[in-house]
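Take a look at the letters that make up each chain.
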Amino acid sequence: MSKAKVATTSLCGCFGCHMSVLDIDERILDLVQLVEFDRSPINDIKHIEGTVDVGLVEGGCANEENVAVLREFREHCKVLISLGDCAINGGVPALRNMVPLKECFEEAYLQGPTVHNPEGRIPDDPEIPRLLDKVYPCHEVVKVDYHLPGCPPSADTIWAALNALLTGAPLELPYQLVKYD
Amino acid sequence: MCVSNEAAVREVCERFDHDRTRLLDVVREVDERLRCVDDRSMDAIARELKVPRADVEGVVSFYSFLSTKDKGEITIRVCNDVVDRMKGGDEVAAAFEQALGVPFGGGVGRGSAGAGKGGVDGGDIEGGVSLEYTSCIGMCDQAPAALVNDVVVTRLTPSAARTIVRKLKDRSGSEDLRTLLADSFGDGNNSHDLVRSMVENSIRRAGEVVLAPYESDAGLTNAFSSSPQEVIRVIKASRLRGRGGAGFPAGVKWEHTRAAAGDQKYIICNADEGEPGTFKDRVILTERAHLMFDGMTIAGYAIGATQGIVYLRAEYAYLRHFLDDVLAARRRDGRLGSGLADGFSFDIQIRMGAGAYVCGEETALIESLEGKRGQPRFKPPFPAVKGYLGKPTCVNNVETFCCVARIFEKGSAWFSSIGSAGSSGTKVLSISGDCHRPGIYEVPFGVSLRDVLALCGATDVAAVQVGGPSGRMVPPADFDRTLCYDDLATGGALIVFNQGRDLIDIASQYLGFFIHESCGYCTPCRVGNTLLKERIDRIRDGHGHPSDLDYLKELSSTITTASRCGLGWTSPNPVTSLITGFPELLEQRIPLDPSNNGTGFDLETSLRKAGQDSGLPSYEMEV
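Residues numbered from 1 in each chain as written. Chains lettered and ligands numbered in written order. Predicted model: local features only at pLDDT ≥ 70, side-chain atom pairs only at ≥ 80, totals over all residues. Heavy atoms only, no water.

Draft legend 1. Molecular detail of the interface of chain A and chain B. At the junction of the two partners, chain A supplies 20 residues and chain B supplies 17 residues. Across the chain A/chain B interface, buried area totals approximately 1,700 Å², and carbon plus sulfur atoms make up 62% of it. Summed over the three residues of chain A that lose the most area to chain B, namely Asp124, Arg130 and Asp133 of chain A, the buried surface amounts to 35% of that side. Here chain A and chain B share zero salt bridges between them. Run the count over chain A and chain B and you get three residue pairs in polar contact (both at pLDDT 80 or more). For the side of chain A that touches chain B, the secondary structure elements donating two or more residues are α3 (64-76), α5 (101-111) and β6 (131-136) of chain A. (Contact = heavy atoms within 4.5 Å. Buried area = accessible area lost by both parts, 1.4 Å probe. Salt bridge = Lys/Arg side-chain N within 4 Å of Asp/Glu carboxyl O. Polar contact = N/O pair within 3.5 Å; in protein donor to acceptor, adjacent residues only side chain to side chain. Helix = DSSP H or I, 4+ residues; strand = E, 2+ residues; numbered from the N terminus.)

Structure (structure tokens):
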């Protein structure tokens with residue numbers, strides 16, 4: 001049996017979920033017996049080519065580039081998983097949804113206490129992806145098959161979920177893995 | 001304005017005997033005098049009434065007509081109900097905004113910004129002015145309408161709006177707003193000295209029960225010649241059911257209230273007619289006040305109550321003095337007071353709401369009367385056992401009390417011979433929307449919807465909203481159904497939509513109404529209705545997915561099952577009646593091949609909005 005392909009990406013997240021993937025420690029050796037990594041920050045492959053079995057998405061969509069990446073994942077992944085709270089709910093970045101966009105820009109680039117911006121310019125180079133009107137959770141942009149909660153989901157949770165998905169075994173997440181207090 | 005004035009607060013509290021249960025009246029009055037209830041006023045009220053400060057703020061923040069921020073001398077509340085918007089309400093709202101130079105909900109302006117624009121002369125409105133939207137104010141037959149403080153202005157146009165603004169600017173300090181704003185007064189008691197309103201009754205068809213001429217006293221005298229038990233027997237024999245919409249048998253309710261243990265019992269008349277599209281109680285209060293008060297007095301006699309209360313919605317405050325005057329006349333004539341019959345004493349007082357739809361629900365209404373937020377109570381215990389101030393209380397609708405008095409004038413057999421088998425008597429309908437003759441129609445129960453539509457001159461009908469947003473939207477295939485409790489039950493609202501209307505958008509607007517009016521206590525209602533609206537808007541805008549219909553059905557059923565009161569039980573009705581009655585309409589609007597994976601997300605829309613919000617030039621470039 002050929003190895004299953006896994007792709008991962010971090011959209012508007014903090015890479016904490018990816019750190020948690022790495023936290024599976026030496027089990028990563030078992031994992032690479034089962035999978036081959038396609039596009040991922042781990043190997044720096046820039047685009048998915050062909051079909052991938054499982055896509056793990058960290059972070060929600062805050063700008064147009066996030067949307068483009070997410071759509072690429074949806075198009076190429078048989079199973080798409082929202083990994084962690086930002087992908088599922090928007091998370092911390094979505095706090096800005098309560099603040100008018102103009103004020104967000106002004107706070108970040110003009111008025112914030114640590115801002116040094118003598119020209120008083122808000123960056124708007126065409127090379128910079130434009131922000132969306134608000135931060136969207138992934139399932140509000142594309143169809144998402146599974147949600148793996150946690151901030152971040154623990155390594156054991158990620159391991160259990162991937163293992164179950166790839167071996168076809170039923171997924172059992174004990175209470176300890178999905179309680180957060 | 002809005003200078004907190006401790007002396008004024010103390011005076012108001014004094015007038016209500018520092019009675020904690022009159023908190024709503026206290027804050028209403030403070031708000032009226034000082035044009036807001038600010039932090040210091042709330043502190044003072046809490047101190048005077050010896051209630052927690054949180055209770056005061058809880059009440060002030062609950063009711064839309066109360067404000068913690070200064071409203072200025074004048075508040076213009078433009079009705080944004082579906083019918084008002086169908087009749088050009090948006091243009092009127094824009095004209096007000098432009099002429100006043102104050103945005104909706106944007107605080108107090110002086111009205112001077114409109115100078116030179118829109119034909120309004122410069123100058124200030126003394127004391128400042130604020131502009132707000134408000135839910136249906138019960139003027140759908142003469143929409144678009146608005147409230148200028150307590151004064152109702154109807155049949156508005158953009159130019160009428162500008163005229164109102166100019167008149168407000170030219171107004172000399174003490175000039176009566178009622179005479180200032182109306183060119184002429186309406187028919188009947190609308191031009192009574194104590195009303196002086198441009199509102200019209202538009203009674204298109206008077207039936208034999210409520211709107212027929214009434215010899216004052218006729219029913220009352222007959223009722224007093226029977227024993228209270230006999231009175232209840234008569235009401236039961238008449239098969240009278242509650243006219244507010246739920247249709248509970250009045251006689252049974254009375255019997256329970258009479259049987260309940262309590263040294264003091266209350267009769268409450270629910271005149272908090274808030275269901276959008278309903279305005280029949282307004283006309284009954286204007287033209288048949290005696291009939292209603294007779295009915296309340298009979299009810300008091302039957303259940304052994306000594307006190308009656310009319311809970312009048314804030315939007316009808318312009319009728320307050322008139323109704324108080326009618327009550328005073330009744331006291332003079334010995335129709336209220338002590339020794340009415342066999343040692344029976346009864347008096348009636350008017351109490352005001354403050355702009356909350358949910359207070360039409362009887363337990364929320366009682367909470368409100370007790371000076372609290374209008375949040376519905378758990379039932380049981382029912383008000384018949386434990387109601388106002390914990391005492392047995394009978395709450396009936398304005399129209400129900402009118403039926404009671406008429407039954408005692410003409411007999412229960414006469415009454416039950418009118419209407420259909422399960423629904424005796426007549427129903428007063430408020431008809432508005434796309435028809436030639438909007439207004440009040442009193443028809444016998446059992447009449448078909450088709451006949452009613454013919455009466456009011458509705459042609460080219462795409463749908464009729466029967467019973468307001470909490471009722472249902474009826475498709476043409478069902479027009480042969482009949483208006484009665486066993487088929488199409490209604491509290492009286494019939495709103496007609498022609499083929500040109502976007503029914504999906506109307507459902508969305510009604511959901512917006514429920515979102516605004518939800519008391520927020522329970523999650524299914526507070527959150528669920530917002531989710532419903534989000535999804536229905538998505539379909540309306542052409543971004544729907546076939547799976548949305550299942551989602552809407554499931555969510556509606558969750559809201560209906562898990563909500564705490566009638567608001568949540570019925571708020572998904574605009575959606576469910578759209579799905580059952582107009583499936584093809586939704587299917588047509590949902591794209592066959594949803595390019596957005598069924599999420600409704602549209603990148604262009606999001607970026608366009610971000611561009612508008614941020615004002616950054618990079619958004620103007622092509623993607």
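Draft legend 2. Representation of the packing of helix α10 (residues 228-238) of chain B against helix α13 (residues 289-303) of chain B within the structure. All names here are of chain B. Two elements in contact, α10 and α13, have axes separated by 7 Å at closest approach and are oriented at 120°. Between α10 and α13, the angle is such that the two are oblique. The two elements α10 and α13 cross, and the hand of that crossing is left-handed. Within the contact between the two elements, α10 uses Pro228, Val231 and Ile232 and α13 uses Ile298, Tyr301 and Ala302. (Axes fitted to C-alpha atoms, helices over the stretch in contact; angles between N-to-C directions. Parallel < 35°, antiparallel > 145°, perpendicular 65-115°, else oblique. Left-handed = near helix turned anticlockwise from the far one by under 90°.)

Draft legend 3. Structural view of the pattern of salt bridges. All names here are of chain B. One pass over the structure, following the stated rule, counts 59 salt bridges over all chains. The salt bridge involving Glu362 is made with Lys379; its shortest N-O contact spans 3.4 Å. Taken together, the residues span a long stretch of sequence, with Glu362 in helix α15 (residues 362-369) and Lys379 in the loop between α15 and β10 (393-397) at a distance of 17 residues. Judged by relative accessible area, which is 33%, Lys379 ranks as partly exposed. The partner of Asp505 in a salt bridge is Arg540, and the shortest N-O contact between them spans 2.9 Å. Of the two residues, Asp505 sits in helix α19 (residues 503-517) while Arg540 sits in helix α20 (residues 523-540), which places them 35 residues apart along the sequence. Classification of Asp505 by relative accessible area gives partly exposed; the value is 21%. The partly exposed category is assigned to Arg540, whose relative accessible area is 23%. (Buried < 20%, exposed > 50% of the residue type's maximum accessible area, 1.4 Å probe, protein only.)

Nothing here speaks to function; it is geometry throughout.
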